[in-house]
Amino acid sequence: HPASSTPRSSAAAPVPTFRPSEEPKMTHRRQFVLSAAALAVAATLPFAAHAADAAKVGFVYVSPIGDAGWTYQHDLGRKELEKTLGGRIETRYVENVAEGADAERVIREFAASGSKIVFATSFGYMNYVERVARQFPNVTFLHATGYKSAKNFAPYNARFYEGRYLNGVIAGKMTKSNVLGYVGAFPIPEVLQGINAFTLGARSVNPNVEVRVIWANSWYDPGKEREAAMTLISQGADMLTHHTDSTATVQAAEEKGVYAFGYHSDMSKYAPKSQLTATTHHWGEFYARTVDAVLGGTWKPEGVWGGMKDGMIRLAPLNPAIPADVQAMVKELQGRITAGSLHPFTGPVLDQAGKERLAAGAVMDDATLGKMDYFVQGVGSRLPTAK
């Protein structure tokens, strides 16, 4: 990955309050204002539901929790962590933290206020985590979707592209227009892997499809995401998906009567007719295993990149609108991916210019995947060029 210059954040949103995990479940998106002083005070408050010696675990979220999406899935993982480890831990979180000075301040305040472990859940937090980790060598820091590490700092990620490939197979089989639309956040390797895997899956069953990409230039901006989705529909796309944090894309698909694939969460309640399935992320077992290892003194700063075989990536239930033979095909391919006998990036892989990026029969290694900076053949859009 390149150094972060594209934050997973909502630029217009204010920084939120620090919330103990005992807060009642949120049922709608809310935003709060955080000051460093308020955070420091909050961190000293007693929480009756936890033992006095419970280890503090902090989570930094880039968007509102809401009830679907990237941050929602991480918060489900936090709750699963609490359920698994019980009174041994006390979790706290700050939601809707923009990258930059706010992110570094929140990460530092977690460490300074006694957190033993801090999970920073966005690519653009990486350099700030690295900086704070050097200042707090006795705190363990985990960073989602990045690549840097140190003695007390390691990355973790999920193989989103595995689900994307299967989504592409369904799209390639069911499209009538042969135009597939993709709303992207930023052209970083994580996002490009998904776009390319979706394209490869679709073209494996329908070589005539074209994938068109529109960038929202934000991880979370429902207005921009909806506008991008509507534009893709106007260009003839009858299948949509997205690598952004809100439900706006699937909602646009439902409104316009085209099919869609949710992302991060099962978004079928927002698009009961349109969502064919979704690539969903599951962090709870990883969080519980990691915290248990830190508390037990056995944790090592090794990067984690889990996929379907690890239970970190799953498909949401398949919509009955998917023909039976396509459902059977997808389940067979999913079984092969889980077993390790199918890798979405198996050569030959050609880029848009026709250059061979992976030889026939070869399987792309993780280091190469992590540096992906091109579109494969079948993507009709062009990557933004540096100004």
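What counts, and where the lines are drawn
- Residues numbered from 1 in each chain as written.
- Predicted model: local features only at pLDDT ≥ 70, side-chain atom pairs only at ≥ 80, totals over all residues.
- Heavy atoms only, no water.
- Helix = DSSP H or I, 4+ residues; strand = E, 2+ residues; numbered from the N terminus.
- Buried < 20%, exposed > 50% of the residue type's maximum accessible area, 1.4 Å probe, protein only.
- Pairing = 2+ DSSP bridges.
- Right-handed = clockwise from strand over helix to strand, strands pointing away.
- Phe/Tyr/Trp six-rings, centres within 6.5 Å; stacked < 30°, edge-to-face > 60°.
- Salt bridge = Lys/Arg side-chain N within 4 Å of Asp/Glu carboxyl O.

Undergrad: I tried to follow unusual backbone geometry on my own but got confused; where do I start?
TA: Note on backbone geometry: most residues besides glycine have negative phi, and most peptide bonds are trans. Put simply, glycine 347 and proline 348 share a cis peptide bond, and its omega is 10°. The residue proline 348 is located in the loop between helix H10 (324-339) and strand E14 (349-350) in this model. Of note, the phi angle at threonine 145 is positive, near 75°, even though the residue is not glycine. Assignment of secondary structure puts threonine 145 in the loop between strand E5 (140-144) and strand E6 (153-158). For asparagine 178, which is not glycine, the phi dihedral falls at a positive 65°.

Undergrad: Would you explain the pairing of strand E9 (residues 239-243) in this entry?
TA: Consecutive side chains along a regular strand alternate between the two faces of the sheet. E9 sits mainly inside the fold: 5 of its 5 residues count as buried. A two-sided burial pattern is seen for E9, the buried positions comprising Met239, Thr241 and His243 on one face and Leu240 and His242 on the other. Pairing analysis gives 5 bridges linking strand E7 (residues 179-184) to E9, with the strands arranged parallel. Bridge pairing links tyrosine 182 to threonine 241 in E9. Pairing of E9 with strand E10 (residues 259-264), which is carried by 2 bridges, proceeds in the parallel orientation. Bridge assignment links methionine 239 to a residue of E10, and that residue is tyrosine 259. Traced from E9 through helix H8 (residues 248-256) to E10, the parallel crossover comes out right-handed.

Undergrad: Honestly, the packing of aromatic side chains in this entry has me stumped. Any pointers?
TA: For the structure shown, the criterion picks out 19 aromatic pairs. For the pair tyrosine 156 and tryptophan 283, a centre-to-centre distance of 5.6 Å together with 85° between the ring planes defines the contact as edge-to-face. Taken together, the residues tyrosine 156 in strand E6 and tryptophan 283 in the loop between strand E11 (275-281) and helix H9 (284-296) connect sequence positions 127 residues apart. Of the two residues, tyrosine 156 and tryptophan 283, neither departs from the other in class, the shared state being buried.

Undergrad: Explanation requested: the pattern of salt bridges in the structure shown.
TA: Counting across every chain of the model gives 16 salt bridges. Close ionic contact of arginine 88 with aspartate 292 constitutes a salt bridge, the shortest N to O distance being 2.9 Å. Note that arginine 88 is positioned in the loop between helix H2 (70-85) and strand E3 (89-94) and aspartate 292 in helix H9, a separation of 204 residues in sequence. Here arginine 212 makes a salt bridge to glutamate 210, at a shortest N to O gap of 2.6 Å. The class for arginine 212 is partly exposed, based on a relative accessible area of 25%. The network of salt bridges with common partners includes Asp75, Arg78, Lys79 and Glu82.

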